[in-house]
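Coordinate inspection notes
Here are the chains, one letter per residue:
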2 protein chains.
Amino acid sequence: MRADAKRNRDRILTAAIEAFATEGLSVPVHEIARRAGVGTGTVSRHFPTKESLYDAIILHRLEQLVDRARSLAEAEEPSTAFFEFFKYMADAGATDHGLADALGGGGYDVAASAERTGYDVMGGMRDLLTAAQRAGAVRDDVDVVDVKALMTGCLARERGATDAAARSRMIEIVCTGLRAHR
Amino acid sequence: MRADAKRNRDRILTAAIEAFATEGLSVPVHEIARRAGVGTGTVSRHFPTKESLYDAIILHRLEQLVDRARSLAEAEEPSTAFFEFFKYMADAGATDHGLADALGGGGYDVAASAERTGYDVMGGMRDLLTAAQRAGAVRDDVDVVDVKALMTGCLARERGATDAAARSRMIEIVCTGLRAHR
DNA sequence: GACGATACGGGATGGCCATCCCGGTTGTCG
DNA sequence: CGACAACCGGGATGGCCATCCCGTATCGTC
């Protein structure tokens, strides 16, 4: 690959990460090109569709989060690992509108894309959850989809990432509800 | 107002209610006109902008829900009134994608529209909440916006309205978390 | 240093959609 | 019944956006 091509590709990725994070997934490709300082054609050539940009960025971000899940699973006991991760991921979603859109299903199907590209983004989360359930720390009738949905509730956009107090309050509420107790 | 105009207006409202409920707020105006059996011009004349249709339908729907909140507030003790209402509204949102979009903030700001048109959709909910808090049934650091946000989490669209079991599970989780306990 | 391959820019294209417009129609009132 | 105002339909308009295209510029190699 030619040097300038690689350089532009990296610029585009950097610009897209930032643009998605601040504006959400609906940011125009044109705007990403502008931020990257390249033409729209250059974006299209590196990433033929907007969805391929989603794949490159969102799935990569989720991989990072899953790595975090795995290291938490090793270092902590199941209960704290799960709840720490929940908080960690919710915070990530609150400061990254693109991630929040993806989790909320806004026009991008994470699970389908992960499958298509061979990533395993659900696995790490599922392991964390089932371990916590086996340890009796989480109600055992919930599944990862429930968890994801409840998390998106903590990401309500109307107060932005600013109101961290409200967010941690909501996280606390959901985590309390998730704890086993019958 | 001429008889045919009134008839068409009603048809449009009926069609729009159904279209929003099944397709969400992003359904094209054209599609609403088609369902109503009128031309797109007729829709535009009765409702100059799409948002005026939102106002007519969503705010009206919310009024109904607020009425329900008020009657629950009279009939029940504060705690059950609040939690009943939460469940009632979440179920409403699950079967009405338009309502879910509006609650989730998908391109329509309920609070602003309510203010602009003079409706008081938040009031009933707020009363219910503060009453429940005074009765010690709900943590007193949450506000209506939190409640609304957590509710949208229970409305995750990816399983549609079909999976009622998952929904009531999530409602249970959130309500448990909302209960006071320190 | 020159040449072929590769990549670039940004205008052109086409789809989608809300809103506007106007020639034709229909209800209403005298 | 007749005339006129009100209303109707749906095509036209314009904005937004992803994607494609092609003349031009740049890279890497010989």
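Residues numbered from 1 in each chain as written. Chains lettered and ligands numbered in written order. Predicted model: local features only at pLDDT ≥ 70, side-chain atom pairs only at ≥ 80, totals over all residues.

Structural notes on the overall build of chain A
When helices and strands are counted, chain A shows 10 helices and 0 strands. Beginning at the N terminus, the succession of helices and strands in chain A can be written as α-α-α-α-α-α-α-α-α-α. For chain A, the spread of C-alpha atoms along the three principal axes comes to 60 × 35 × 25 Å. Here chain A, with 182 residues, has 36% of them falling under the buried criterion. Long-range pairs, those at least 24 residues apart, make up 66% of the contacts in chain A between residues at least 6 apart in sequence. (Helix = DSSP H or I, 4+ residues; strand = E, 2+ residues; numbered from the N terminus. Buried ≥ 20, exposed ≤ 12 C-beta atoms within 10 Å, placed from the backbone. Contact = placed C-beta atoms within 7 Å.)

Quick notes on the relation of the copies chain A and chain B
The operation relating the pair of chain copies consists of a rotation about an axis and a translation along that axis. It takes a turn of 180° to lay chain A on chain B, together with a shift of 0.0 Å along the axis; the resulting RMSD is 0.0 Å. The transformation just described matches what one would write down for a two-fold rotation axis. The share of interface residues of chain A whose copies in chain B are also at the interface is 100%, consistent with both copies meeting through the same surface. (Least-squares fit on C-alpha atoms with pLDDT ≥ 70 in both.)

Looking at the interface of chain A and chain B
In this complex, chain A contributes 21 residues to the contact, which on the side of chain B involves 21 residues. Contributions of two or more residues to the side of chain A that touches chain B are made by α9 (144-153) and α10 (164-178) of chain A. Among the elements that line the side of chain A that touches chain B, the one with the most residues is α10(A), at 8 residues. Tallied by class, the residues present in the side of chain A that touches chain B amount to 10 nonpolar, 5 polar and 6 charged. (Nonpolar A, V, L, I, M, F, W, Y, C, P; charged D, E, K, R; others polar.)

Quick notes on the protein's contact with DNA strand D
The full set close to DNA strand D counts 23 residues, and Ala3(A), Thr49(A), Gly39(B), Gly41(B) and Thr42(B) are the nearest of them. Counting only elements with at least two residues in the surface near DNA strand D, the list comes to α1 (3-23), α2 (29-36) and α3 (40-46) of chain A together with α1 (3-23) and α3 (40-46) of chain B. The element best represented in the surface near DNA strand D is α3(B), accounting for 4 residues. Split into classes, the residues belonging to the surface near DNA strand D amount to 7 nonpolar, 10 polar and 6 charged. (Near = placed C-beta within 6 Å.)

Describing the domain arrangement of chain A
Reports often express the size of an interface as the amount of accessible area lost when the parts come together. Residue and element names in this part refer to chain A. When its domains are assigned, chain A resolves into domain 1 (1-48) and domain 2 (57-178). On a C-alpha basis, the centres of domain 1 and domain 2 stand 27 Å from each other. Contacts between domain 1 and domain 2 engage 9 residues on the former and 9 residues on the latter. Taken together, the residues of the side of domain 1 that touches domain 2 sort by class into 6 nonpolar, 2 polar and 1 charged. (Domains from an automatic or database assignment.)

Focus: the environment of Lys148(A)
Residues and elements named next belong to chain A. As for its placement among the helices and strands, Lys148 is situated in helix α9. Of the residues examined, Lys148 has 20 C-beta atoms within 10 Å and is grouped as buried. In this structure, the C-alpha to C-alpha distance between Lys148 and Gly104, residues 44 residues apart in sequence, is 8.4 Å.

Digging into the environment of Leu155(B)
Residues and elements named next belong to chain B. Within the element layout of this structure, Leu155 appears in the loop between α9 (144-153) and α10 (164-178). Its 25 C-beta neighbours within 10 Å are what place Leu155 among the buried residues. Separated by 11 residues in the primary sequence, Leu155 and Ala166 place their C-alpha atoms 10.0 Å from one another. The contacts of Leu155, once residues within four sequence positions are left out, are Ala90, Gly93, Ala94, Ala100 and Leu103.

Looking at the protein's contact with DNA strand C
The immediate surroundings of DNA strand C are formed by 23 residues, with Asn8(A), Gly39(A), Gly41(A), Ala3(B) and Thr49(B) found nearest. At the level of secondary structure, the elements contributing two or more residues to the surface near DNA strand C comprise α1 and α3 of chain A together with α1, α2 (29-36) and α3 of chain B. The element that contributes the greatest number of residues to the surface near DNA strand C is α3(A), accounting for 4 residues. Tallied by class, the residues present in the surface near DNA strand C amount to 7 nonpolar, 10 polar and 6 charged.

Side note on α2(B)
Residues and elements named next belong to chain B. By the burial criterion, the buried members of α2 are Ile32, Ala33 and Ala36. In a view along the axis of α2, the buried residues occupy a sector of 100°, so they form one face of it. Looking at the buried residues of α2, the elements they touch are α1 and α3. The positive-phi residue at the C-terminal boundary of α2 is Gly37, with phi of around 75°. (Arc of directions from axis to C-beta.)

Some words on the nonpolar core
Within the largest apolar cluster, 98 residues are counted, with the highest numbers of intra-cluster contacts made by Phe82(A), Met151(A), Val174(A), Phe82(B), Met151(B) and Val174(B). In contact with Phe82(A), other than residues within four places in its own chain, are Leu128(A), Leu129(A), Ala132(A), Ala137(A) and Val138(A). (Core = buried A, V, L, I, M, F, W, Y, C linked by C-beta atoms within 7 Å.)

Observations concerning α1(A)
Residue and element names in this part refer to chain A. Here α1 is 21 residues long and its end C-alpha atoms lie 30 Å apart, about the 30 Å a rise of 1.5 Å per residue gives. Considered for burial, the residues of α1 that qualify are Ile12, Ala16, Ala19 and Phe20. Looking straight down α1, one finds that the buried residues subtend no more than 95° of arc, so they occupy a single side. Opposite the packed face of α1, turned more than 90 degrees from it, sit the exposed residues Ala3, Lys6, Arg7 and Asp10. If you follow the buried residues of α1, they end up packed against α2, α3, α4 (50-75) and α6 (97-103). (Expected span 1.5 Å × (residues − 1).)

A closer look at the packing of helix α4 (residues 50-75) of chain B against helix α8 (residues 121-134) of chain B
All names here are of chain B. Contact pair α4 / α8: the axes reach a minimum separation of 8 Å and the direction vectors enclose 30°. With respect to their mutual orientation, α4 and α8 come out roughly parallel. Both α4 and α8 take part in a crossing whose hand is left-handed. In this structure, α4 contributes Leu59, Leu62, Glu63, Val66, Ala69, Arg70 and Ala73 to the contact, and α8 contributes Val121, Gly124, Met125, Asp127, Leu128 and Ala131. Among the residues making up the contact of α4 with α8, the classes are represented as 9 nonpolar, 1 polar and 3 charged. (Axes fitted to C-alpha atoms, helices over the stretch in contact; angles between N-to-C directions. Parallel < 35°, antiparallel > 145°, perpendicular 65-115°, else oblique. Left-handed = near helix turned anticlockwise from the far one by under 90°.)

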